[in-house]
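# Per-entry structural report
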Amino acid sequence: MKKYLLLLIPIFYYKNSILYFSLEDVLNLMMIVICLALLLKRTTLQHVFHWGIAICFVFYFCVLYEKTIYFRGFLNVPHQYDPNRLHSLFNTFNGIPLRGIIQEITINPSLVSALYQIFGNVFLLMPFAFSMLYFKWVKSYRRAIGYSMICTLTIESIQFLQNVYYCLFFPGLRRSVDIDDMILNTIGAIIGISCYFLWSKFENRFRDRRMIFG
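## Details of the nonpolar core
One finds L6, I32, L36, F57, L125, F128 and M132 to be the most contacted residues of the largest nonpolar core, which totals 36 residues. Of all elements in the fold, only α3 (23–41), α4 (48–68), α7 (126–134), α8 (141–169) and α9 (179–213) reach the threshold of two or more residues within this core. Residues contacting F128, with those up to four places away along its chain left out, are F57, Y60 and C151. In this structure, I101, I118, M126 and L184 belong to the second largest nonpolar core, which totals five residues.

Below is the structure:
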């Protein structure tokens, strides 16, 4: 099963965790490898282009995991438990649609930084949605949108639970939980699905021409 050789990529990506044996990094690496193995089980790589897209996806998945749900501080000895710190949880939570986007643009002193944050959230699930259709992990655009929404909801839920833990034990660590991230992620997923739609049209036209002139 040559496709499982792609699991060497996250091992290379987190090679420092293996060299210096950071148990926290090793456990995160195991989570990444398990998730990728489940996806690769449903993936068929028939030609070089498939392999190229798969390699890019594995690197992307490593970055996606690291930037969103990477578990930090859970194996360290926690600080003194203090439930009174939970009030700060609301400072990192936004449940009002578009408020976070407006604040990012109006309050952030650097427009470039604000746009980077916004478009970063839009791009976050674009490759994932594209890959779901490209590798036939799902069979319809509707399911691709549905799974993308589940994915972004899962990410935000995990980040919220991480925030609860950080507020109680590690006040120096925190993550932001924002409904606008879910909105932007979903928009990005729709863009990724649109990219696949255009790609499939181009691929079909190219195949038809090759059959005519071949």
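## Structural notes on the environment of L153
Checked against the element boundaries, L153 lands in helix α8. Here the alpha-carbon distance between L153 and N185, two residues 32 residues apart in the chain, equals 9.7 Å.

## Description of the packing of aromatic side chains
For the structure on display, the rule yields 15 aromatic pairs. Consider the rings of Y141 and Y196, whose centres lie 6.4 Å apart with planes at 65 degrees: the pair is edge-to-face. Here Y141, found in helix α8, pairs with Y196, found in helix α9; they are 55 residues apart in sequence, far enough to count as distant. Aromatic rings pair up to connect F57, Y60, F61, F130, Y134, F135, W137, Y141, Y196 and F197 into one cluster. A cation sits over an aromatic face here: K15 above F12, 4.7 Å from the ring centre.

## Some details on a nonpolar patch on the surface
Together, F21, L23, L27, M30, I34, L38, F74 and L75 make up an exposed nonpolar region whose accessible area comes to about 780 Å². Residue position: L38 is located in helix α3. Relative accessible area serves as the criterion here: at 56%, L38 is assigned to the exposed category.

## Here we look at the confidence of the model for the protein chain
Per-residue pLDDT for the protein chain averages 86, and the proportion of residues at 70 or more is 88%. Within the protein chain, helix α2 (residues 15–19) has the poorest average pLDDT of any element, 74, and α7 the best, 97.

## Some remarks on unusual backbone geometry
The phi torsion at L98 lies on the positive side, around 75 degrees, for a residue other than glycine. Considering the arrangement of structural elements, one finds L98 in the loop between β1 (93–94) and α5 (99–107). Residue class for L98 comes out partly exposed when judged on its relative accessible area of 47%. One non-glycine residue, K136, adopts positive backbone phi at about 60 degrees.

About the criteria used
- Residues numbered from 1 in each chain as written.
- Predicted model: local features only at pLDDT ≥ 70, side-chain atom pairs only at ≥ 80, totals over all residues.
- Heavy atoms only, no water.
- Core = buried A, V, L, I, M, F, W, Y, C linked by side-chain atoms within 4.5 Å.
- Buried < 20%, exposed > 50% of the residue type's maximum accessible area, 1.4 Å probe, protein only.
- Helix = DSSP H or I, 4+ residues; strand = E, 2+ residues; numbered from the N terminus.
- Contact = heavy atoms within 4.5 Å.
- Phe/Tyr/Trp six-rings, centres within 6.5 Å; stacked < 30°, edge-to-face > 60°.
- Lys NZ or Arg CZ within 6 Å of the ring centre and 35° of its normal.
- Patch = residues over 30% accessible without salt bridge, like charges linked within 9 Å, V, L, I, M, F, W, Y side chains within 5 Å.
- Areas by Shrake-Rupley, 256 points an atom, 1.4 Å probe, with all protein chains shown as cover.
- Salt bridge = Lys/Arg side-chain N within 4 Å of Asp/Glu carboxyl O.
- pLDDT = per-residue confidence, 0-100.

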